[in-house]
Amino acid sequence: MILNISNLTVYLQGRCILQNVALDINRGEFVAVLGDNGAGKTTLLRSILGLVPGTSGIICIFGQIVSWHTRQALRRRIGYVPQILPFDASMPMSVREVIAIGRSARVGLGRRLGSNDWRLVEQAAADTELAQLLDRPIGQLSGGERQKVQIARALCQQPDLLLLDEPASHLDPAAHQDCLKLLDRLHLQYHPPILMVTHNVSAIPVNCRRAIVLEAGRIRFDGSLNEWRCSGFPLSRE
């Protein structure tokens with residue numbers, strides 16, 4: 001088992017965001033966490049990353065309990081693609097340099113990357129169809145290309161768990177579909193356990209087989225995607 005969450009409750013600014021959440025993620029699973037805006041999806045990911053302390057409950061990843069003392073070491077093994085990554089269009093960093101941030105996260109900040117690390121950067125770029133853009137400034141890319149860079153950054157970290165926060169929600173229709181196909185292809189190729197949150201039922205990759213529905217901070221459904229589609233839960237189809 002990769003991830004085990006037991007009775008997680010999170011309060012932020014006096015408001016209950018997650019209540020008694022319990023779930024398990026096994027090796028190779030591709031799981032979609034569904035729910036409308038405000039359901040607690042992003043807070044769930046941030047709790048797993050150790051960025052939001054739980055009021056009660058336990059999060060265990062790779063057999064270790066997430067705590068202030070363990071979160072840094074655990075995060076080296078977790079790839080994370082945030083919903084929106086603010087960036088400066090004038091930023092002088094190249095695509096290669098942004099992807100390499102994932103390797104730095106894995107080997108340790110401040111450590112010099114070796115030849116194998118740079119090989120993994122180039123492999124991640126090839127896997128995400130960015131090989132021809134490695135030397136281009138990040139500010140010159142389209143929204144879809146920038147999202148691929150963020151996925152490549154997480155991929156070259158060689159994550160043992162991949163967390164995705166609304167990875168396609170802000171993209172135009174063509175880039176949206178391209179992103180979903182990319183996630184399917186990467187999962188089939190590398191089989192990383194993936195936990196992806198989305199409020200949009202059209203943003204679920206084909207290879208995703210399991211759905212968890214969050215409603216007002218509680219899990220209302222956990223089962224196969226086909227079962228959920230027959231369950232009648234009303235979610236956005238934006």
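Quick summary incoming for the structure in this document. (Residues numbered from 1 in each chain as written. Predicted model: local features only at pLDDT ≥ 70, side-chain atom pairs only at ≥ 80, totals over all residues. Heavy atoms only, no water.)

## Examining helix α6 (residues 173-190)
An α-helical turn contains 3.6 residues, so any two residues separated by three or four positions project in the same direction. For α6, with 18 residues, the first-to-last C-alpha span of 26 Å sits near the 26 Å given by 1.5 Å per residue. Taken as a whole, α6 has its buried residues at Ala175, His176, Cys179, Leu180, Leu182, Leu183, Asp184, Leu186 and His187. Of the surrounding elements, those touching the buried residues of α6 are β3 (30-34), α4 (115-127), α5 (143-155), β7 (161-165) and β8 (194-198). You can read the cap of α6 off the contacts: a side-chain oxygen lies 3.1 Å from the backbone nitrogen of Ala174, and it is on Asp172. (Helix = DSSP H or I, 4+ residues; strand = E, 2+ residues; numbered from the N terminus. Expected span 1.5 Å × (residues − 1). Buried < 20%, exposed > 50% of the residue type's maximum accessible area, 1.4 Å probe, protein only. Contact = heavy atoms within 4.5 Å. Polar contact = N/O pair within 3.5 Å; in protein donor to acceptor, adjacent residues only side chain to side chain.)

## Here's the deal with the sheet that holds strand β9 (residues 210-215)
Pairing between sheet strands relies on hydrogen bonds along the backbone, with the strands arranged either parallel or antiparallel. Spatially, β6-β7-β8-β3-β9-β10 is the arrangement adopted by the six strands of the open sheet, whose pairing is mixed. Lying at the two open borders of the sheet, with one neighbouring strand each, are β6 (78-81) and β10 (218-224). This sheet shows a mean twist of 15° between the axes of neighbouring strands, independent of strand direction. When β9 meets β10, the two strands line up antiparallel, connected through six bridges. Paired with Val213 across the strands is Phe221, a residue of β10. Packing against the sheet, α5 makes contact with β6 and β7, and its axis sits at approximately 170° to β6. (Pairing = 2+ DSSP bridges. Axes fitted to C-alpha atoms, helices over the stretch in contact; angles between N-to-C directions.)

## A closer look at the side chain of Lys41
Topologically, Lys41 is positioned in helix α1 (residues 41-48). Despite its burial, Lys41 pairs with no opposite charge; the closest candidate is Glu166, at 4.1 Å N-O. Separated by 3.1 Å, the side chain of Lys41 and the backbone oxygen of Asp36 make a polar contact. Once you skip the residues sitting within four places of it in the chain, Lys41 turns out to touch Val33, Leu34, Gly35, Asp36, Glu166, Val197, Thr198, His199 and Leu214. (Lys, Arg positive; Asp, Glu negative; His and termini not counted. Salt bridge = Lys/Arg side-chain N within 4 Å of Asp/Glu carboxyl O.)

## As for the sheet that holds strand β5 (residues 64-65)
Across the sheet, four strands lie side by side as β2-β1-β4-β5; this open sheet has antiparallel pairing. Strands at the two margins of the open sheet, each flanked by one partner only, are β2 (15-25) and β5. Two elements, strand β1 (residues 3-12) and strand β4 (residues 56-61), share five bridges in a ladder whose sense is antiparallel. Bridge pairing links Ser6 to Ile58 in β4. The strands touched by α1 are β1, β2 and β4; relative to β1, the strand with the most contacts, the crossing angle is about 115°.

## Quick notes on the pairing of β3
Among the five residues of β3, five are classified as buried, and the element is accordingly described as predominantly covered. Judged by which residues are buried, β3 turns out to be covered on both faces: Phe30, Ala32 and Leu34 on one side and Val31 and Val33 on the other are all buried. When β3 meets β8, the two strands line up parallel, connected through five bridges. Looking at the pairing, Leu34 lines up with Thr198 of β8. With four bridges joining them, β3 and β9 adopt parallel strand pairing. Pairing of Leu34 across the sheet is with Val213, part of β9.

The values reported here are purely geometric and, on their own, carry no functional implication.
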